[in-house]
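Here is what each chain is made of, one letter per residue.
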2 protein chains.
Amino acid sequence: MPAAPKTSAEDIVAAALKLLETRGLDAVNMQAVAVAAGIKGPSLYKRYATRDLLLDDVAREGLLDLEARMGPARTVAAKARAYRQFALERPQLYGLLYAAREEGGDLVARRGEVAKPIIEALGSLAAARLLTAWLHGFVSMELAGAFRLGGDTEKDFEWGLSRLLESSGDARG
Amino acid sequence: MPAAPKTSAEDIVAAALKLLETRGLDAVNMQAVAVAAGIKGPSLYKRYATRDLLLDDVAREGLLDLEARMGPARTVAAKARAYRQFALERPQLYGLLYAAREEGGDLVARRGEVAKPIIEALGSLAAARLLTAWLHGFVSMELAGAFRLGGDTEKDFEWGLSRLLESSGDARG
DNA sequence: ACCTGAACACCGTTCAAGT
DNA sequence: ACCTGAACACCGTTCAAGT
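Residues numbered from 1 in each chain as written. Chains lettered and ligands numbered in written order. Predicted model: local features only at pLDDT ≥ 70, side-chain atom pairs only at ≥ 80, totals over all residues. Heavy atoms only, no water.

Undergrad: Give a description of the overall build of chain A that names residues and reports values.
TA: When helices and strands are counted, chain A shows nine helices and zero strands. Each helix (α) and strand (β) of chain A, taken in turn from the N terminus, gives the series α-α-α-α-α-α-α-α-α. Dimensions along the principal axes, computed over C-alpha positions, put chain A at roughly 65 × 35 × 25 Å. The burial tally for chain A puts 46% of its 173 residues in the buried class. A separation threshold of at least 6 residues defines the contact pool for chain A, and within that pool the share at least 24 residues apart is 65%. For chain A, the computed accessible surface area is about 8,600 Å², with 54% contributed by carbon and sulfur atoms. Computed over 23 positive and 23 negative side-chain charges, the separation of the two mean positions in chain A equals 3 Å. (Helix = DSSP H or I, 4+ residues; strand = E, 2+ residues; numbered from the N terminus. Buried < 20%, exposed > 50% of the residue type's maximum accessible area, 1.4 Å probe, protein only. Contact = heavy atoms within 4.5 Å. Areas by Shrake-Rupley, 256 points an atom, 1.4 Å probe, with all protein chains shown as cover. Lys, Arg positive; Asp, Glu negative; His and termini not counted. Charge placed at Lys NZ, Arg CZ, Asp CG, Glu CD.)

Below, the structure written as structure tokens:
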């Protein structure tokens, strides 16, 4: 007899995302995700052959959220601020986005999608790499507590941003 | 009867570092590190209460290596190149350096030490944060394969570096 | 087709006992 | 003091059996 699914791909990824932000990456284990999605651990393997593949899908969903967040921002500066806000609001998810895993997956390509609007707006691959590297580095270090001692992180972000956008023709957001 | 140690802190960290670079972070487990250092798994807990504390010590050693590598470089540009070379040569170790773990540890402070010479040379905390954020972001993305498609990574690095050091009074290395 | 309980391997960690 | 074997908990993963 054909069997009715008790859950869906959306529910599974949503359950994993919730566990990730509320209890951290370690809490996103196959058993916990499965139960949160209404099934048992082993059943999850019908959909994801390994935990890494599940995490890839979680990251993919996170990248879509990030793109949606940056999309409406018209200037590069506004996109950069939206990027940072996303990382500050969902630090565990942001950490997952840049934790390289599966070789076979297309995560690397999907990460590249985030940078595309910036490359187009700046009109230069080198300039886009300068900005995106700084952006990723800045929020990574901020999340890791690297700026804990002294200084005004907010001001440093804005200062760096305007410094990097100098003479690049981007309207100030 | 007092018992003679079969190994030393140096041997343990060295064994862990070797496992890290040759077989990745997952291979740095308590059993494997212990055996590589000449003892059995449970004995390692006499020196490190948890695996995370062992990894903290490995990261601490890695940061000392990184500082030693950057030390001789006289200009900020040369320090930045040394930083990148270190990351490219020891990617697994570099990944470990910036993977936040123990709250109680002093790793965050030790990471700050690496930036100190750059802050001093540039004479501005904001300018140092701009450069170190870009540096960390650039090599992180490079290691993660973000620059896989198109462009000349080497040239982009040099371009970004000179762009960031413009009008900062740093002699070209 | 999809779900489940039972089982296995591996790893972090503890502990009582050895020297 | 430091080392060890045995044991436990937890988790990723497999599999035979259910519907």
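Undergrad: So what's going on with the protein's contact with DNA strand D? Residues and values would help.
TA: In the region of DNA strand D, 17 residues are neighbours, and Tyr45(A), Arg51(A), Lys6(B), Lys40(B) and Ser43(B) sit closest. In DNA strand D, atoms within 4 Å of the protein come from the sugar-phosphate backbone in 64% of cases. One of the backbone N or O atoms of Arg51(A) is found 2.8 Å from a phosphate oxygen in DNA strand D. Taking Lys6(B), its side chain carries an N or O atom lying 2.9 Å from a phosphate oxygen of DNA strand D. Classifying every residue of the surface near DNA strand D gives nine nonpolar, four polar and four charged. (Near = heavy atom within 4 Å. Polar contact = N/O pair within 3.5 Å; in protein donor to acceptor, adjacent residues only side chain to side chain. Nonpolar A, V, L, I, M, F, W, Y, C, P; charged D, E, K, R; others polar.)

Undergrad: Summarise the pattern of salt bridges; cite the residues concerned and give the values.
TA: All names here are of chain A. Taken as a whole and judged by the stated rule, the model has 20 salt bridges over all chains. A salt bridge links Glu-158 to Arg-81, with the nearest nitrogen and oxygen atoms 2.7 Å apart. Separated by 77 residues along the polypeptide, Glu-158 in helix α9 (residues 153-165) and Arg-81 in helix α5 (residues 76-89) bring together distant segments of the chain. Arg-81 sits in the partly exposed class, given a relative accessible area of 27%. With its nearest N and O atoms 3.1 Å apart, the salt bridge here joins Arg-84 to Glu-154. Note that Arg-84 is positioned in helix α5 and Glu-154 in helix α9, a separation of 70 residues in sequence. Overlapping salt bridges bring together Asp-57, Arg-60, Asp-106 and Arg-110 as one network. (Salt bridge = Lys/Arg side-chain N within 4 Å of Asp/Glu carboxyl O.)

Undergrad: Explain the protein's contact with DNA strand C to me, using residue names and the numbers behind them.
TA: Taken together, 17 residues form the shell around DNA strand C, and within it Lys6(A), Lys40(A), Ser43(A), Tyr45(B) and Arg51(B) come nearest. Sugar plus phosphate, as a fraction of atoms of DNA strand C within 4 Å of the protein: 64%. For DNA strand C, a phosphate oxygen lies 2.8 Å from a polar atom in the side chain of Lys6(A). Here a phosphate oxygen of DNA strand C sits 3.5 Å away from a polar atom, N or O, in the side chain of Asn29(B).

Undergrad: Tell me about the relation of the copies chain A and chain B, and name the residues and values.
TA: At an RMSD of 0.0 Å, chain A and chain B line up after a rotation of 180 degrees and a shift of 0.0 Å along the axis. Here the symmetry operator amounts to a two-fold rotation axis. Both copies present the same face, since 100% of the interface residues in chain A are matched by interface residues at the equivalent positions in chain B. (Least-squares fit on C-alpha atoms with pLDDT ≥ 70 in both.)

Undergrad: Requested: an account of the packing of aromatic side chains, with residues and values cited.
TA: Counted under the stated rule, the structure contains 12 aromatic pairs over all chains. Ring centres of Trp134(B) and Phe138(B) lie 5.5 Å apart, and the angle between their planes is 50 degrees; this geometry places the pair in the tilted category. You can see Trp134(B) and its partner Phe138(B) sitting in helix α7 (residues 125-143), four residues apart, about one turn around the helix. Pair check on accessibility: Trp134(B) and Phe138(B) agree, each one buried. An aromatic cluster is built from Trp134(A), Phe138(A), Phe147(A) and Phe157(A), whose rings are joined through pairwise contacts. Here the guanidinium or amino end of Arg84(A) rests over the ring plane of Phe157(A), the centre of that ring lying 4.8 Å away. (Phe/Tyr/Trp six-rings, centres within 6.5 Å; stacked < 30°, edge-to-face > 60°. Lys NZ or Arg CZ within 6 Å of the ring centre and 35° of its normal.)

Undergrad: Tell me about the packing of helix α4 (residues 51-70) of chain A against α5(A), and please be specific about residues and values.
TA: The packing of two helices is summarised by the inter-axis angle and the distance between the axes. Residues and elements named next belong to chain A. Contact pair α4 / α5: the axes reach a minimum separation of 8 Å and the direction vectors enclose 140 degrees. The orientation of α4 relative to α5 falls into the category oblique. The two elements α4 and α5 cross, and the hand of that crossing is right-handed. In contact with Gly-62, Asp-65, Leu-66, Arg-69 and Met-70 of α4, α5 contributes Lys-79, Ala-82, Tyr-83, Gln-85, Phe-86 and Glu-89. (Axes fitted to C-alpha atoms, helices over the stretch in contact; angles between N-to-C directions. Parallel < 35°, antiparallel > 145°, perpendicular 65-115°, else oblique. Left-handed = near helix turned anticlockwise from the far one by under 90°.)

Undergrad: Tell me about the packing of α5(A) against α9(A), and name the residues and values.
TA: All names here are of chain A. Packing of α5 against α9 leaves a shortest axis separation of 11 Å and a crossing angle of 145 degrees. The two elements α5 and α9 cross, and the hand of that crossing is right-handed. Contact residues: α5 offers Val-76, Ala-77, Ala-80, Arg-81 and Arg-84, while α9 offers Thr-153, Glu-154, Phe-157, Glu-158, Leu-161 and Leu-165. The class makeup of the residues in the contact of α5 with α9 is six nonpolar, one polar and four charged.

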